Amino acid sequence: MPSFPDVDTRDAQAVSTRIRQILLGIESQGDLTLFDRIYNDVGRMFRGEFGDYRPIDLKYHDYQHTLQASLCMAELMAGRDTARATPHLDWRQIELGMTAVLLHDSGYLTTASDGEGTGAKFTYTHVLRSSAVAASQLPRYGVKPHEIDIVLNAIRCTGPSANINTLEYDNESEMVLCACVTTADYLGQLAAHDYPDELRILFNEFKESDDFQGVPADQRLFNSEEDLIRKTPGFWRNFVLPKLEKDFRGVYRYLATPFPDGSNPYIVAIERNMEIIERQITELAPESSSN
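Worth saying up front: this structure is predicted, and the values here are computed from it rather than measured.

Thresholds, definitions, all that
Residues numbered from 1 in each chain as written. Predicted model: local features only at pLDDT ≥ 70, side-chain atom pairs only at ≥ 80, totals over all residues. Heavy atoms only, no water. Helix = DSSP H or I, 4+ residues; strand = E, 2+ residues; numbered from the N terminus. Expected span 1.5 Å × (residues − 1). Buried < 20%, exposed > 50% of the residue type's maximum accessible area, 1.4 Å probe, protein only. Contact = heavy atoms within 4.5 Å. Core = buried A, V, L, I, M, F, W, Y, C linked by side-chain atoms within 4.5 Å. Phe/Tyr/Trp six-rings, centres within 6.5 Å; stacked < 30°, edge-to-face > 60°. Lys NZ or Arg CZ within 6 Å of the ring centre and 35° of its normal. Salt bridge = Lys/Arg side-chain N within 4 Å of Asp/Glu carboxyl O. Axes fitted to C-alpha atoms, helices over the stretch in contact; angles between N-to-C directions. Parallel < 35°, antiparallel > 145°, perpendicular 65-115°, else oblique. Left-handed = near helix turned anticlockwise from the far one by under 90°. Nonpolar A, V, L, I, M, F, W, Y, C, P; charged D, E, K, R; others polar.

Draft legend 1. Helix α2 (residues 33-47), seen in detail. The terminal C-alpha atoms of α2 lie 21 Å apart, and with 15 residues this matches the ideal 21 Å at 1.5 Å per residue to within 8%. Along α2, the positions that sit buried rather than exposed are L34, F35, I38, Y39, D41, V42, G43, M45 and F46. Close packing links the buried residues of α2 with α1 (12-26), α3 (63-83), α4 (91-103) and α5 (126-137). Where α2 terminates, the next one or two residues include G48, which has phi positive at roughly 75°.

Shown next as structure tokens:
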């Protein structure tokens, strides 16, 4: 069985090369100028080499997560193309989808004017901030106003509380594009081999945001690292998976190799991670012991 993923997602150049191969497999004469420019500039943003942005200072929602989601998005596009799925996504829509996934977490980036703390304090507002980055930057790449709206819709869909069915679309293909971007966002992080080890880091991001927003203790999603760990398998099975199936039109199925009955490496990796997390849960002290 081939390794998963088949590229080191810590290596931005390797990921770029792999994504380009995947996209050119869809359209051999496809123009990758927009992808290349945005991919390179997003890398510069996260490294603190673009405008006033400081280097990303998060360890969970870091640059690697953006690379993981972007790779998954390209694979989704290829899977739909191979399956001849409808509605068809044309090359420009694929370009815009890749643009959205590359920018979807840019709202975690900070500048000196954002003051103390890390980008984690913007956890609950990062989708709006990411949309603002896209709206302000994309015109310089020649992206037209109605195309920017498509990108913004896709970014908005990545918010956990977003309802993909309430947004306005010009056609069904735009909704499918949004479903693909959000699916790639979820699967890219949940399938990562180090996901079980990063849950404690994720909790600290939530805590910083809760502290920054002044969220009362009894209204917080998680009250401890252990609480987040305990809730993670349920988050996958009772929240994410149903959304992937219904709201996001089951597009994750196009990642199966071969389609439709082959193994889905992302789902296999996620279930493996949940098994690891469930073993971690058994090693935690009983919840009642902390009372």
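There is more to say after this.
Draft legend 2. Up close: the nonpolar core. Counting residues in each nonpolar core, the largest one holds 93 residues, and the members touching the most others are L23 and L187. The leading source of residues in this core is helix α7 (residues 172-190), at 11 residues.

Draft legend 3. Highlighting the packing of aromatic side chains. For the structure on display, the rule yields 10 aromatic pairs. Pairing F122 with F212 gives two aromatic rings, centres 5.9 Å apart and planes at 80°, and the pair type is edge-to-face. Of this pair, F122 sits in the loop between α4 and α5 while F212 sits in helix α8 (residues 199-213), placing them 90 residues apart in sequence. Taking relative accessible area as the criterion, F122 reaches 9% and is therefore assigned buried. You can call F212 partly exposed: its relative accessible area is 46%. Above the ring of Y254, the side-chain terminus of R80 is found at 5.6 Å from the ring centroid. It is R129 that lies over the ring of F122; its NZ or CZ is 3.6 Å from the centre.

Draft legend 4. Summary view of the pattern of salt bridges. Following the criterion strictly, the structure yields 18 salt bridges and no others. Across the pair D247 and K243 runs a salt bridge whose closest N-O atoms are separated by 3.2 Å. For the pair shown, D247 and K243 are each scored as buried. Each of D41, R44 and R140 takes part in salt bridges that share partners, so that together they form one network.

Draft legend 5. Examining the environment of F46 more closely. The topology assignment puts F46 in helix α2. Sequence spacing of F46 and Q64 is 18 residues, and the spatial spacing of their C-alpha atoms is 9.9 Å. Sequence-distant contacts of F46, defined by excluding residues within four places in its chain, comprise P55, I56, D62, Y63, T66, D105 and L109.

Draft legend 6. Geometry of the packing of α1 against α4. At their nearest, the axes of α1 and α4 sit 11 Å apart, and the two run at 160° to each other. Viewed along their axes, α1 and α4 adopt a mutual orientation that is roughly antiparallel. Remark: the crossing between α1 and α4 carries right-handed chirality. Of α4, the residues touching α1 (which contributes I19, L23 and I26) are W91, I94 and M98. Its residues assigned to classes, the contact of α1 with α4 shows 6 nonpolar, no polar and no charged.

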